[in-house]
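# Understanding the architecture of this molecule
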Amino acid sequence: LPPIEFLEIERGEIEFQLNSTGQSLKFSDIKFKLFNFSPQRGGKFHFKCQIKQQIQSGEITKNIGYAEGNFEFITLLPTPVGKGQLKLNISELELGLISFQEFFANISLDLNKGVWNVSTLSPLVSALKIGKEEISIRDILSDFTANYNLKNKELKFKIFNSEIPN
């Protein structure tokens, strides 16, 4: 990869097909900025986008929220090292038998030698439904610390606290 002093993308779009459900998630109106990048010394980037969900092969498309992030990499090669913040705000999302309403997460990430350390994650879900029986869990507030090893795809939780008010 060549060094890049500055790169800006406006109105970008990425779509992910969810094969098991016939749905797709589309990240649209992407605003992406990359600063002082090289594979040896990393770089900084910022992005912001809208999130849309397409249900049943194009029948219904709806805006479901937004994502925003800032990341700074010290190096990318041979192993990525860096830190960043990711914010997610989802008004409503259905994935197969699971649905969320009013999900918000502010995530701090630390990537060191192939391991993502999630140092803070405070999601708030006002409603979660699982299955056809519509088991509902409302007003969930959680904090946890975890790490994810990119090489062996292992997720470990260090601290997990969750609260569901009466």
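Structure shown above.
Reference entry: report on the structure contained in this document. (Residues numbered from 1 in each chain as written. Predicted model: local features only at pLDDT ≥ 70, side-chain atom pairs only at ≥ 80, totals over all residues. Heavy atoms only, no water.)

## Considering the overall build of the protein chain
Worth spelling out the cut-off: Helix and strand definitions here come from DSSP, where helices need a minimum of 4 consecutive H or I residues and strands a minimum of 2 consecutive E residues; each element is numbered from the N-terminal end. Note on exposure labels: buried denotes an accessible area under 20% of the residue type's maximum, exposed denotes more than 50%, and partly exposed covers the range between, all computed with a 1.4 Å probe on protein chains only. Two residues form a contact once any of their heavy atoms are found within 4.5 Å. Calculation of accessible area relied on Shrake-Rupley with a 1.4 Å probe; when residues are assessed, cover is drawn exclusively from the protein chains displayed.
In terms of helices and strands, the protein chain carries zero helices and ten strands. In the protein chain, the order of α-helices and β-strands from amino to carboxyl end is β-β-β-β-β-β-β-β-β-β. Split into buried and exposed, the 166 residues of the protein chain put 30% on the buried side. Restricting to contacts in the protein chain with at least 6 residues of sequence separation, those with at least 24 account for 41%. A total of about 10,800 Å² of accessible surface is found on the protein chain, and carbon and sulfur atoms cover 55% of it.

## Focus on the packing of aromatic side chains
Basically, it comes down to this: Only Phe, Tyr and Trp rings take part, Trp by its six-membered ring, and two of them pair if their centres are within 6.5 Å. Stacked means planes under 30 degrees apart, edge-to-face means over 60, and tilted covers everything else.
A complete count under the given rule lists five aromatic pairs for this structure. When the ring of F45 is compared with that of F71, the centres are 5.2 Å apart and the planes differ by 25°; the resulting orientation is stacked. Pair noted here: F45 is in strand β3 (residues 42–55) and F71 is in strand β4 (residues 60–75), with a separation of 26 residues, a long-range link.

## Some points on the pairing of β3
For clarity, the cut-off: In short, DSSP must find at least two bridges between two strands for them to pair.
In this structure, strand β2 (residues 23–38) lies alongside β3, joined through eleven bridges in antiparallel fashion. Paired with K26 across the two strands is K52, which belongs to β3. Where β2 hands over to β3, the hairpin turn is made up of three residues, counted between the paired strands.

## Some details on the pattern of salt bridges
Spelled out, the test is: Each reported salt bridge corresponds to a side-chain nitrogen of Lys or Arg within 4 Å of a carboxyl oxygen of Asp or Glu.
Overall, the coordinates contain four salt bridges when judged by the stated rule. Between K33 and E8 there is a salt bridge, with its nearest N and O atoms 3.9 Å apart. You can see K33 sitting in strand β2 and its partner E8 sitting in strand β1 (residues 4–18), a full 25 residues away along the chain. Owing to a relative accessible area of 32%, K33 belongs among the partly exposed residues under this scheme. With a closest N to O distance of 3.8 Å, E92 and K62 form a salt bridge. With E92 in strand β5 (residues 81–95) and K62 in strand β4, this pair connects stretches of sequence that are 30 residues apart.

## Overview of the nonpolar core
Where we set the bar: Take the buried residues of types Ala, Val, Leu, Ile, Met, Phe, Trp, Tyr and Cys, join any two whose side-chain atoms come within 4.5 Å, and each joined set is a nonpolar core.
With 21 residues, the main nonpolar core has F47, I64, F71, I90 and I107 as its most contacted residues. Sorting the residues of this core by element identifies β2, β3, β4, β5, β6 (98–112) and β8 (124–130) as the ones contributing at least two each. Among the elements that make up this core, the one with the highest residue count is β6 (five residues). Not counting residues up to four positions away in its chain, the partners in contact with I90 are I51, I64, G65, Q101, E102 and F103.

## Here we look at the side chain of N147
Relative to the helices and strands, N147 resides in strand β9 (residues 135–149). A relative accessible area of 15% means that N147 is categorised as buried. Leave out the neighbours within four places in its chain, and N147 touches V115, W116, N117, E154, L155, K156 and K158.

## Some points on the environment of N161
Tracing the sequence through the fold places N161 in strand β10 (residues 154–163). Distance in space between the C-alpha atoms of N161 and T145 is 9.3 Å, their sequence separation being 16 residues. N161 has contacts with L141, S142 and D143, leaving out every residue within four places of it along the chain.

## Observations concerning unusual backbone geometry
Backbone geometry at R11 places phi at a positive 60°, although glycine is not the residue there. The backbone phi angle of K153 is positive, close to 55°, even though this residue is not glycine. Locating K153 in the fold gives a position in the loop between β9 and β10.

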